[in-house]
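Architecture at a glance
One letter stands for each residue in the lines below.
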Amino acid sequence: MNTYTVKKGDTIAKVAEKLNIRPIELLLVNPHLLDVTDYIFPNQVLTIPDSQANVLKSPFICRSEYGPTDVYKEIDEIKRNYSNKMTVETIGKSVMGQPIHLLKIGTGKKQIFYSGGWHANEWHTTKFLMTFVNQLLLHVKQNKEMAGYPVSKILDDVTLYVVPLVNPDGVELVHQGIYPEHPYYNQVLEINKGALRFEHWSSNIRGVDLNHQWPAGWEIEAEESPQHPWPRHYSGTGPLTEPEAKAIYTLTKDNNFAYVLAFHSQGQVIYWGYRGLEPKESEEMVTKLSLASSYLPVHTADSDGGYKDWFIQETGRPGFTIEVGVGTNPLPFSAFSEIWSNNVCLALEGLVL
Ligand SMILES: [Zn+2]
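Nothing here was measured: the structure is a model prediction, and the numbers come from that model.

So, on to the layout of surface pockets. By volume, the largest pocket is sized at about 810 Å³. Lining the largest pocket are 28 residues, and of these Glu17, Tyr66, Lys73, Glu74 and Lys127 lie nearest its centre. Counting only elements with at least two residues in the lining of the largest pocket, the list comes to helix H1 (12–18), helix H3 (68–82) and helix H4 (124–141). Sorting elements by how many residues they give to the lining of the largest pocket places H3 first, with seven residues. Taken domain by domain, the lining of the largest pocket gets at least three of its residues from each of domain 1 (2–48) and domain 2 (68–169 + 242–349). In this structure, the second largest pocket spans a volume of roughly 540 Å³. As for the second largest pocket, its lining consists of 28 residues, of which Asn211, Tyr271, Ala301, Ser303 and Glu323 are closest to the centre. Among the elements that take part in the lining of the second largest pocket, helix H11 (residues 307–315) stands out by supplying three residues, more than any other. Tallied by class, the residues present in the lining of the second largest pocket amount to four nonpolar, 14 polar and ten charged.

For the structure shown, the criterion picks out zero disulfides. Cys62 provides the cysteine sulfur closest to Cys345, a residue in no disulfide bond, and the two sulfurs are 20 Å apart.

As a further point, take the coordination of the zinc ion. Every protein donor of the zinc ion is listed here as His119 (ND1), Glu122 (OE), Glu122 (OE) and His264 (ND1), and their distances to the metal cover 2.0 to 2.5 Å. Coordination geometry of the zinc ion: the four donor atoms subtend angles of 55 to 150 degrees at the metal centre, consistent with an arrangement described as irregular. In terms of primary sequence, the donors binding the zinc ion are separated according to H-x2-E-x141-H. A relative accessible area of 9% means that His119 is categorised as buried. For Glu122, a relative accessible area of 6% puts it in the buried group.

By the assigned domains, the chain splits into domain 1 (2–48) and domain 2 (68–169 + 242–349). Of note, the centres of domain 1 and domain 2, computed from C-alpha atoms alone, are 31 Å apart. Residue-level contacts link four residues of domain 1 with four residues of domain 2. Buried area between domain 1 and domain 2, summed over both chains or domains, comes out near 320 Å², and the portion from carbon and sulfur atoms is 53%. Between Lys14 and Asp70 there is a salt bridge, with the nearest N and O atoms lying 2.6 Å from each other. Taken together, the connections running from domain 1 to domain 2 amount to two residue pairs in polar contact (both at pLDDT 80 or more).

Oppositely charged side chains are able to pair whenever their charged atoms sit close together. Counting across every chain of the model gives nine salt bridges. The shortest N-O distance in the salt bridge between Lys18 and Asp10 comes to 2.7 Å. The shortest N-O distance in the salt bridge between Arg206 and Glu242 comes to 2.9 Å. Here Arg206, found in the loop between helix H7 (185–191) and helix H8 (218–223), pairs with Glu242, found in the loop between H8 and helix H9 (243–254); they are 36 residues apart in sequence, far enough to count as distant. Take Glu242: its relative accessible area is 4%, and that puts it in the buried class.

In this structure the tally under the stated criterion is 21 aromatic pairs. Arranged with centres 6.4 Å apart and planes meeting at 40 degrees, the rings of Tyr114 and Phe132 form a pair that is tilted. On the criterion of sequence distance, the pair formed by Tyr114 in strand S5 (residues 110–115) and Phe132 in helix H4 is long-range, its members being 18 residues apart. By relative accessible area, Tyr114 is classed as buried at 0%. For the ring pair Tyr114 and Phe263, a centre distance of 5.9 Å and an interplane angle of 65 degrees mean the geometry is edge-to-face. Linking Tyr114 in strand S5 with Phe263 in strand S7 (residues 257–265), this pair joins segments that are 149 residues apart in sequence. Classification of Phe263 as buried rests on a relative accessible area of 0%. A network of ring pairs unites the aromatic residues Phe113, Trp118, Tyr161, Trp214, Tyr249, Phe257, Tyr307, Trp310 and Phe311 as a single cluster.

Here is what the cut-offs are and how they apply
Every chain is numbered independently, its residues counted from 1 as its sequence is written. Given that this is a predicted model, residues contribute local features only at a pLDDT of at least 70 and side-chain atom pairs are listed and counted only at 80 or more, while totals for whole chains, interfaces and linings are drawn from all residues. To obtain the side-chain values, all non-hydrogen atoms of the structure were used and water was disregarded. Cavity: a set of points on a 1 Å grid over the protein atoms alone where a 1.4 Å probe fits but cannot get out. Pocket: an open set with protein on both sides within 12 Å along at least five of seven lines, its lining residues, like those of a cavity, having an atom within 4 Å of a point. Grid points are joined across faces, edges and corners, and a volume is the space filled by probe spheres set on the points. Numbering goes from the N terminus for both helices and strands, where a helix is a DSSP run of H or I of at least four residues and a strand is a run of E of at least two. What fixes the domain bounds is an automatic or database domain assignment. Nonpolar residues are Ala, Val, Leu, Ile, Met, Phe, Trp, Tyr, Cys and Pro. Charged residues are Asp, Glu, Lys and Arg, and all others, Gly as well, are polar. Only a pair of cysteine sulfur atoms within 2.5 Å qualifies as a disulfide here. For Na, K and Ca the donor cut-off is 3.2 Å, and for all other metals it is 2.8 Å, counting N, O and S atoms only; because water is absent from this set, sites may look incomplete. Here the metal geometry follows the donor angles, with tetrahedral for four donors whose angles all fall between 85 and 135 degrees, square planar for four and octahedral for six when opposite donors are more than 155 degrees apart and every other angle is between 65 and 115, and irregular for all the rest. A 1.4 Å probe rolled over the protein chains alone gives each residue an accessible area, and that area as a share of the maximum for its type sets the label: buried under 20%, exposed over 50%, partly exposed in between. Here, residues are in contact when the closest pair of their heavy atoms is within 4.5 Å. Buried area is a sum: the accessible area each of two parts loses on coming together, probed at 1.4 Å, counted once for each and added. By definition here, a salt bridge exists when the distance from a side-chain nitrogen of Lys or Arg to a carboxyl oxygen of Asp or Glu is within 4 Å. Polar contact is defined as a pair of N or O atoms within 3.5 Å, subject to the rule that within protein one atom must be able to donate a hydrogen and the other to accept it, and that residues adjacent in sequence are counted only when both atoms are side-chain atoms. Aromatic contacts are taken between Phe, Tyr and Trp rings whose centres are within 6.5 Å, Trp giving its six-membered ring; a plane angle under 30 degrees counts as stacked, one over 60 as edge-to-face, and the others as tilted.

Here you go:
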């Protein structure tokens, strides 16, 4: 039998996808692995079956986790295929030194900003944004309409800024678990009280919640949240202490976004207000986003310290939090089909609000 050496970013489902087999076929020849959710670690050697099934491939069907290594690989491909239609920049680095990428598409004056992958166990938002960017660029290159939207023409008036993955270290932790060679092994285990599963983790690798870090009612949010590093909802020792949040802060300050859409999971709702500080047009805009997605508009979640909250307070412009999918985070692979079909028109409508 042949073998496969696990690489950084691999999961059982991802290895199976690379080999074009089903995860169960991989489990059957590696009896020490009991379930598709078992963690596998870099340099671990797996047996691979001789037979090769033919598994259907489609960008809209999700067969495995989507994390930093996928984003980096796909960004390289996008750069190769569409270099004259878009640019890529690194706007900062995570705690562990992984790049945080910004993709810019279009040449228009009006700047719009989409972001995802804020929370470690919400990786579907990153896959959604990367699939959207790929499809958008494909349609622009072929000069075709996308779901009835004349995207080439729209992108003469608009420049779309996309940060698909704000929290690469956290997403990697949820997918890979922790192992002694991991640079934050001791710290993460301490925060997680020795538990070796990470489905509930939404913070960055230092146990700070990147969407509780923003100077908009930060003190109020911090008081009601955990008081020390924690898998979720810890606001940090002050606003914007974490490099991932700082990168988004600087990007937002350095540009002139007309409005922002921050993608999270889950709930199938769109939050559009913050303490009544949102402008009048926000309500009309959220109605359009809701019609495009069938997601329900909700004024606020009665929380503070989020990026959308800060954006509204700071600029007086509209900001939206889109909660994609429904279920328990991390959502299953199968949730991606609904997320794609309900949000592709929302993301297109978001270009013309
Ligand atoms: Zn979230």
